[in-house]
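# Working through the structure, step by step
Listed below are the residues making up each chain.
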Amino acid sequence: LCAPTFIFLAGLSAFLYGRGRRTQELTRFLLIRGFWLILIDLTLIKFGWRFEVDLYRLSAGIIFVIGASMVALAALVWLPRWAIAGVTLTMLAGHNLLDSVRAEELGGASWAWHILHERGLVPLGDGINLYVLYPLIPWVGVMAAGHLFGPVMQLEERARQRLLFGLGAAVILGFIVLRATNLYGDPDPWTVQESRLSTVLSFLNCEKYPPSLLYLMMTLGPALMLLASFEHARGAFARFLATFGQVPFFYYVVHIYLIHGLAVATAFAMTGVLTSTPAIGLSLGGIYFVWLLVLVLLYPICHWFSGLKERGRGRWWSYL
């Protein structure tokens, strides 16, 4: 659920930010924030993954594609809403028609196809390579869909929740029907397996890189229903979770460093060898324990940064 929902809500946030502002101001914000995210992904986040300074081996991950999608959205917001809807629908529903096109078939233009539709290595010259993990299509469409969805969040509460639940349920039902037919929407058809559970997993095993139409349907459908369900969440646990939601970018960057640091420390304790790229294994229970530990450890610093950001007066705080 993470990447599709995050990018969808980023587009929705862009709409909410643009209310009462001129298109030029929204465009400026999206361009600055977009290029800022790309820069951070290629530097600070890259170092966090491996604790190595290697300017020749770059990667374009989730933060990169969010930034690039914001840059694209900065251009799309100048179009009429019907035109944005057309571009969005084409990207989301039509891009699987391009699955048969392979980058190696395009010769000198293969780099462009890796950026747009097929993950892979893009040579930048002088021995520098960029590995594109999240091709732009259809992530730009997901962000544009979130932007188009903005007016729904301005509806009266009951109408808004009814629409969120109904649309989410319709998308889930559409996923089930379309996936069952194996006609379209994902490059790999599901098959009957030796057990019922394996068959269900085959049914749900949709392509994420780039996200197929069916992958997006099976994640964004539940996300819409959860968005309605959590609207009135209150209490200590809701406040705990909301703290992370108030500083998502800060949380994402810091959690990479914390998890990597814990992995290095754990590997050293287990093997006596200090390495920046430890190869250790944990049980599934151990992984869940680390996940919960990281959440607990990050809460105080996220709570502190949330208050700091709330008290900040400069416009630059909006980019953090």
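Above this note sits the structure.
First, a word on scope: everything that follows refers to the structure included in this document. (Residues numbered from 1 in each chain as written. Predicted model: local features only at pLDDT ≥ 70, side-chain atom pairs only at ≥ 80, totals over all residues. Heavy atoms only, no water.)

We now examine the overall build of the protein chain. When its secondary structure is counted, the protein chain shows 12 helices and 3 strands. Taking 20 Å as the expected radius of gyration for a compact globule of 320 residues, we find that the protein chain reaches 21 Å, a close match to that expectation. Expressed as a percentage of its 320 residues, the buried residues of the protein chain come to 39%. Here the analysis covers contacts within the protein chain between residues at least 6 apart in sequence; of these, 69% occur between residues at least 24 apart. About 17,700 Å² of surface is accessible on the protein chain, with carbon and sulfur atoms providing 69% of the total. (Helix = DSSP H or I, 4+ residues; strand = E, 2+ residues; numbered from the N terminus. Rg over C-alpha atoms; globule rule 2.2 N^0.38 Å. Buried < 20%, exposed > 50% of the residue type's maximum accessible area, 1.4 Å probe, protein only. Contact = heavy atoms within 4.5 Å. Areas by Shrake-Rupley, 256 points an atom, 1.4 Å probe, with all protein chains shown as cover.)

Looking now at the packing of aromatic side chains. As enumerated under the stated definition, the model contains 17 aromatic pairs in all. Between the aromatic rings of Y134 and W139, the centroid separation amounts to 5.9 Å while the plane-to-plane angle is 50 degrees, which identifies the pairing as tilted. As far as burial versus exposure is concerned, Y134 and W139 are alike and both buried. Between W304 and F305, the ring centres sit 6.1 Å apart and the planes meet at 55 degrees, which makes this aromatic pair tilted. Residue W304 is classed as partly exposed on the basis of its relative accessible area of 48%. By the ring-pair criterion, three or more aromatic residues cluster together here, those being F237, F240, F244, Y251 and Y299. A cation over an aromatic ring shows up here: R21 above the ring of Y17, its NZ or CZ 3.9 Å from the ring centre. A cation over an aromatic ring shows up here: R33 above the ring of F249, its NZ or CZ 5.9 Å from the ring centre. (Phe/Tyr/Trp six-rings, centres within 6.5 Å; stacked < 30°, edge-to-face > 60°. Lys NZ or Arg CZ within 6 Å of the ring centre and 35° of its normal.)

As a general point, the strands of a sheet are linked pairwise by backbone hydrogen bonds and lie either parallel or antiparallel. Taken in spatial order, the 3 strands line up as β1-β3-β2 in an open sheet, and their pairing is mixed. Each edge of the open sheet is held by one strand with a lone partner, namely β1 (57-60) and β2 (120-125). Geometrically, the sheet is characterised by an average inter-axis angle of 25 degrees between neighbouring strands, direction not taken into account. Looking at chain direction, β1 and strand β3 (residues 128-132) are connected through 4 bridges and run parallel. Bridging from a neighbouring strand, A60 pairs with V132 of β3. Helix α2 (residues 23-50) contacts β1 and β3 of the sheet and is inclined by roughly 105 degrees relative to β1. (Pairing = 2+ DSSP bridges. Axes fitted to C-alpha atoms, helices over the stretch in contact; angles between N-to-C directions.)

With that settled, the discussion passes to the packing of helix α1 (residues 2-18) against α2. One way to put it is that α1 packs onto α2 with a least axis distance of 10 Å and a crossing angle of 140 degrees. Considering the angle they form, α1 stands oblique to α2. Two packed elements cross with a definite hand, and for α1 against α2 that hand is right-handed. Together, A14, Y17 and G18 of α1 and E25, L26, F29 and L30 of α2 make up the contact between the two elements. Partitioned by chemical class, the residues of the contact of α1 with α2 number 5 nonpolar, 1 polar and 1 charged. (Parallel < 35°, antiparallel > 145°, perpendicular 65-115°, else oblique. Left-handed = near helix turned anticlockwise from the far one by under 90°. Nonpolar A, V, L, I, M, F, W, Y, C, P; charged D, E, K, R; others polar.)

Secondary-structure assignment places W304 in helix α12 (residues 284-311). Residues W304 and R33 lie 271 residues apart in sequence; the distance between their C-alpha atoms is 23 Å.

A few words on α12. Spanning 28 residues, α12 covers 40 Å between terminal C-alpha atoms, matching the ideal 40 Å at 1.5 Å per step. Burial in α12 covers these residues: G286, V294, L295, L298, C302, F305, S306 and G307. In this structure, the buried side of α12 is in contact with α10 (236-246) and α11 (248-271). (Expected span 1.5 Å × (residues − 1).)

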